[in-house]
Structures are given as C-alpha cells and as structure tokens.
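# Summary of structural features
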Amino acid sequence: MSVNASIWIIPLLIGFILAYGTWKRVPTYETFVEGGKEGLSIAVSIVPYLVGMMVAISVFRASGAMAFLSGLLRVPLEAVGVPTEIVPLALIRPISGTGALAMTTDIISTYGPDSFIGRLASTMQGSTDTTLYVITVYFGAIGIKRMGNALKVGLLADLVGMAAAIIFVTLVFG
C-alpha cells in the first residue's frame, strides 16, 4: 500500500497544484516557465560559489591540513573516550556532505553498522550539516557577501551536534 502511495503522491500533488491554479485563474504554464527561468538564472549565479567551495575542499584535503588537524585532535579526544576513527568525519562534515557520507560509509563497512563507531558516525552524520556548503550556496544565490555571523553560528551548531551525538551514543550504546 505504501509503495502505491509513494508512486502516486507526487503526480497527484502536481495535478492538484495545477488544478487549483487554474481554478484561481492563474496562468499556470506561464508561471511554470517563469519559475524555470528564475531557477536557471539562480543555478548559473551560484556556479562560481560552488567551484570555489570544491576547490577549497580539495585544497584542504590534498594539502594535508585535514590529516594535521586530525592528528592534533586525536590525543584530547582519546582522553575523553572519543574514538579517533571519527575525527576525519567530524572535520569533513561541515565542509562536504558527499565526503562525509563516503567517510561514514567507510566507517560502517569497516566496523559494522551495529558497532559503537558505526552508530556514532551515523548519528553524527544525521545531527550535523554541511554548514560551509549551505552558506556558500544559499548566501551566494541571494547575493549576501558578509556571512561571518551565520558561519560562526552554523559551525557552533555543528559542534553542538557532534558533542550531542557523542554524548547520546555513549549513553545509549556505550
């Protein structure tokens, strides 16, 4: 039943929106085309921000900065019982969702989904966001140049999400 509902929900929703727009005498096709033009122009305008972000991620990883930061954080985190295997994930998660997902997949395939590290990686993946990517894309799309405070708050939220993931996984599965 749920499979049939999931197959039909989007076409029904689109049909409802078109019918409602027609009933309200909105030129639905023209509005759709206008929205497509606007979406395309936004997509083109954020390309430089995306390219810059991808270059920054590549430089961060290729320069050895991620390995260096991982090495610096390993000792203090080991002292409080945080597995060192999670450090690269914690560093890459605010930068790249795809990179973090690849690291989480690697952690789970290495240690198993029911291991403490696998559960911690999964929880950390779900309780944090790709802050730098989100700020770059969304602020770039609407033309905001000064994003310092949003960046600070976003990274603080990621830090809190990571700490909460460690605390709760330790309490529940530790």
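So, here's what we can say about the structure. Computed from a predicted model, the values in this text were never measured in an experiment.

What counts and what doesn't
Residues numbered from 1 in each chain as written. Predicted model: local features only at pLDDT ≥ 70, side-chain atom pairs only at ≥ 80, totals over all residues. Heavy atoms only, no water. Axes fitted to C-alpha atoms, helices over the stretch in contact; angles between N-to-C directions. Helix = DSSP H or I, 4+ residues; strand = E, 2+ residues; numbered from the N terminus. Parallel < 35°, antiparallel > 145°, perpendicular 65-115°, else oblique. Left-handed = near helix turned anticlockwise from the far one by under 90°. Contact = heavy atoms within 4.5 Å. Nonpolar A, V, L, I, M, F, W, Y, C, P; charged D, E, K, R; others polar. Phe/Tyr/Trp six-rings, centres within 6.5 Å; stacked < 30°, edge-to-face > 60°. Buried < 20%, exposed > 50% of the residue type's maximum accessible area, 1.4 Å probe, protein only. Salt bridge = Lys/Arg side-chain N within 4 Å of Asp/Glu carboxyl O. Expected span 1.5 Å × (residues − 1). Bend = angle between axes of the 7 residues up to and from the residue.

## Observations regarding the packing of helix α5 (residues 97-111) against helix α6 (residues 116-127)
Closest axis-to-axis distance for the α5/α6 pair is 8 Å, and the angle between their directions is 160 degrees. Compared by their axis directions, α5 and α6 come out roughly antiparallel. Crossing geometry of α5 relative to α6 is assigned as left-handed. Of the residues in α6, those touching α5 at G97, A100, L101, T104, I107, I108 and Y111 are I117, G118, A121, S122 and Q125. Looking at the contact of α5 with α6 residue by residue, the class counts come to 7 nonpolar, 5 polar and no charged.

## Points about the packing of α6 against helix α8 (residues 148-173)
Two elements in contact, α6 and α8, have axes whose closest approach is 9 Å; the angle formed by their N-to-C orientations is 145 degrees. Viewed along their axes, α6 and α8 form a crossing whose handedness is right-handed. Judged by residue contacts, F116, R119, L120, T123, M124 and S127 of α6 engage G161, M162, A165, I166, V169, T170 and F173 from α8. Partitioning the contact of α6 with α8 into residue classes produces 8 nonpolar, 4 polar and 1 charged.

## Considering the packing of aromatic side chains
Tallied over the full model, the rule gives 2 aromatic pairs. Between F16 and Y20, the ring centres sit 6.1 Å apart and the planes meet at 20 degrees, which makes this aromatic pair stacked. Here F16 pairs with Y20, and both are found in helix α1 (residues 2-23), just 4 residues apart, close to one helical turn. Note on F16: relative accessible area 54%, which makes it exposed. The exposure class assigned to Y20 is partly exposed, which follows from its relative accessible area of 42%. When the ring of Y20 is compared with that of W23, the centres are 5.8 Å apart and the planes differ by 50 degrees; the resulting orientation is tilted. Of this pair, Y20 and W23 are both found in helix α1, 3 residues apart, which corresponds to roughly one turn of the helix. Relative accessible area serves as the criterion here: at 62%, W23 is assigned to the exposed category.

## A closer look at the side chain of T84
Among the secondary structure elements, T84 is positioned in the loop between α3 (65-79) and α4 (87-92). Overall, T84 belongs to the buried group, its relative accessible area being 12%. Contact partners of T84, with chain neighbours within four places excluded, come to R74 and E78.

## Focus: the pattern of salt bridges
It is possible for side chains of opposite charge to pair when their charged atoms get near one another. What the rule picks out here adds up to 1 salt bridge. A salt bridge links D114 to R119; the shortest N-O distance between them is 3.7 Å. With a relative accessible area of 59%, D114 lands in the exposed category.

## Regarding α1
Over its 22 residues, α1 extends 30 Å from the first C-alpha to the last, a length consistent with the 32 Å expected when each residue adds 1.5 Å. Of all the bends in α1, the largest measures some 35 degrees and sits at I9, one to four residues before the proline P11. Of all 22 residues in α1, 1 are buried, a share of ten percent or less. Two residues or fewer past α1, R25 is found with a positive phi of approximately 65 degrees.

## As for unusual backbone geometry
Unlike most non-glycine residues, R25 shows phi in positive territory, near 65 degrees. Inspection of the secondary structure puts R25 in the loop between α1 and α2 (28-62). For R25, a relative accessible area of 75% translates into the label exposed.

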